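# Geometric and topological summary
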Amino acid sequence: MASSPPPGDDAIAPTPTASSAAILGWLFFDWACQPFFTLVTTFVFAPYFASALAPDPVTGQSLWGYATAAAGLTLAFLSPVLGSIADATGPKKPWIAGCGLVLFLACSVMWFAAPGATYGIAIALLAFAFGTVAVEVATVFNNSMIPHLVPPERFGRLSGTGWAIGYLGGLVSLVIVLGFLAADHDTGRTLLGIKPLFGLDPATREGDRITGPFAALWFLVFVAPLFLFTPDIARSSLPLAEAVRKGIAQVKSTIADARRHESVGRFLLANMVYQDALVALFAFGGIYGAGVFGWRATELGVFGILLTVTGTVGALIGGRLDDAFGAKPVIMGAILVLIAVCVGVLSLGPDRVLFVVSTAPPDMRAGLYPSVPEKMFVALGLIIGAVAGPLQASSRSLLARLVPAREAGRYFGLLALSGKVTSFLAPLAVAVATAVFETQAAGPAVLIGFFTVGGWLLSGVKRV
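What this report covers is the structure whose coordinates are included nearby.

Conventions and cut-offs
- Residues numbered from 1 in each chain as written.
- Predicted model: local features only at pLDDT ≥ 70, side-chain atom pairs only at ≥ 80, totals over all residues.
- Heavy atoms only, no water.
- Helix = DSSP H or I, 4+ residues; strand = E, 2+ residues; numbered from the N terminus.
- Buried < 20%, exposed > 50% of the residue type's maximum accessible area, 1.4 Å probe, protein only.
- Salt bridge = Lys/Arg side-chain N within 4 Å of Asp/Glu carboxyl O.
- Phe/Tyr/Trp six-rings, centres within 6.5 Å; stacked < 30°, edge-to-face > 60°.
- Lys NZ or Arg CZ within 6 Å of the ring centre and 35° of its normal.
- Contact = heavy atoms within 4.5 Å.
- Core = buried A, V, L, I, M, F, W, Y, C linked by side-chain atoms within 4.5 Å.

To continue, consider the environment of Asn271. Tracing the backbone through its elements, the reader meets Asn271 in helix α11 (residues 262-293). Assessed through its relative accessible area of 2%, Asn271 is described here as buried. Measuring from C-alpha to C-alpha, the distance between Asn271 and Leu458 comes to 7.9 Å, with 187 residues separating the pair along the chain.

Given below as structure tokens:
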């Protein structure tokens, strides 16, 4: 099988800009998916799992890590194969629809992961793992449409705008859930000081569990513009069975191509490491706040809202910096900032900052985040939000510049492979370290090493 041409400015043929409606439909995919990451993975359902379903926060963090690791290992095998098959068949929307169905079902059953339920823990972990696999595989197909929508000089802006719109969707969904649905189980009131809508019972944490069905319905409604307005890739003449065989064979060819082209291969290896760390950082952010500082729904909700705001702004700015200066400088800067943030988080404790500086007891009359360590954790979280979007957006725009547009699916499948083949490793390392050392501080300590290695690998990529 012929290999792809080497990366370079001629790797992608000039692409006419798609219509505004087509681009908007593509952008709405990020808006449709983000509540799963914001509500389920990070700020509401994950902390609920650790604080209400698991026996204790340390065990909860470990179990959540194992589920994240299992989903990552599954994605490592599925993403490049399905991406290659999609390239061989042509259209991407049928694959997105299939993944969307799995995501919808997985999120819907999270409602049944109730405190005290016989299989509550198993339901939560399995639903989270299946949902993660579905949404990430769907993202592979959505990403592979980038070279068919805009010319290369606009990849960064398109990718960054997508991430920004996704963050904005997460923000809106978080405000809706925390303001009207999820209540503090002690006060029975939501973040807006009202009783939950639809009679949701705070005692049985129905407001936290509703985030799964809410994310499912949100995806179903807002993915529609992609199917209505964004043109799909033309269907090939290959029968499905032959396309499957060709797609599977292309995986080996794509890996061989990436290894021969140093820029692509080294970038994918770097992406494998730093994306692994980023997945773990988001997976355990809310759990860390709940476990170390005892945050409840209100504190976690406001934290999530603030972080999402900085994420939206960061993604928009990052996309423009990408087009102006290149993707590599944006990614490198984000990694350096995340290393510093992890050191900062590691230095915090319930009664200390900067490792050894003791702080006064929190003044409970001071409102949210009464202690100095909590305020510093919030500030560090806002920085994470500001740089995470540019890191991810520039990663996909860099690959879109490096590879042929006609083979974008298989290469974005390989990008997902590089981002997921060891995505079980960082969460697993965090889970094991947390269990062994019996402290949640083991999490940021592990991630510092992952970000450092990822940055070192990326520094050797020749083309920015």
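Having seen the model, we can carry on.
What follows concerns the pattern of salt bridges. Using the criterion set out here, one finds 1 salt bridge in the structure. Across the pair Arg205 and Asp208 runs a salt bridge whose closest N-O atoms are separated by 2.7 Å. Here Arg205 and Asp208 have matching classes, each one buried.

Turning our attention to the packing of aromatic side chains. Applying the stated criterion across every chain yields a total of 13 aromatic pairs. For the pair Phe28 and Phe222, a centre-to-centre distance of 6.3 Å together with 20° between the ring planes defines the contact as stacked. With Phe28 in helix α1 (residues 20-43) and Phe222 in helix α8 (residues 211-222), the pair connects residues that are 194 residues apart, well separated along the chain. For Phe28, a relative accessible area of 22% corresponds to the partly exposed category. Ring pairs connect the aromatic residues Phe36, Phe37, Phe45, Tyr48, Phe49, Trp64 and Phe128, which therefore count as one cluster. Positioned above the aromatic ring of Trp111, the side-chain terminus of Arg209 is 4.6 Å from the ring centre.

On the secondary structure map, Val273 appears in helix α11. In this structure, the C-alpha to C-alpha distance between Val273 and Gly449, residues 176 residues apart in sequence, is 9.6 Å. Discounting residues that sit within four places of it in the chain, Val273 has contacts with Phe450, Val453, Gly454 and Leu457.

In this section: unusual backbone geometry. In this model, Phe198 sits at a positive phi of 65°, which is unusual for a non-glycine residue. Tracing the sequence through the fold places Phe198 in the loop between α6 (155-181) and α7 (206-209). One non-glycine residue, Arg205, lies in the positive phi region at around 60°. The residue Arg205 is located in the loop between α6 and α7 in this model.

Here we come to the nonpolar core. Formed by 71 residues in total, the largest nonpolar core has its most connected members in Phe267, Leu447 and Phe451. Per-element accounting of this core gives the leading share, 14 residues, to α11. Setting aside chain neighbours within four positions, we find Leu447 in contact with Ala277, Ala280, Leu281, Cys342, Ala426 and Val430. Grouped together as the second largest cluster of nonpolar side chains are 50 residues, Leu27, Phe29, Phe45 and Leu53 included.

A few words now on the side chain of Asn142. Within the secondary structure layout, Asn142 lies in helix α5 (residues 120-143). What Asn142 contacts, discounting residues up to four positions off in sequence, is Trp26, Phe29, Ile96 and Leu226.

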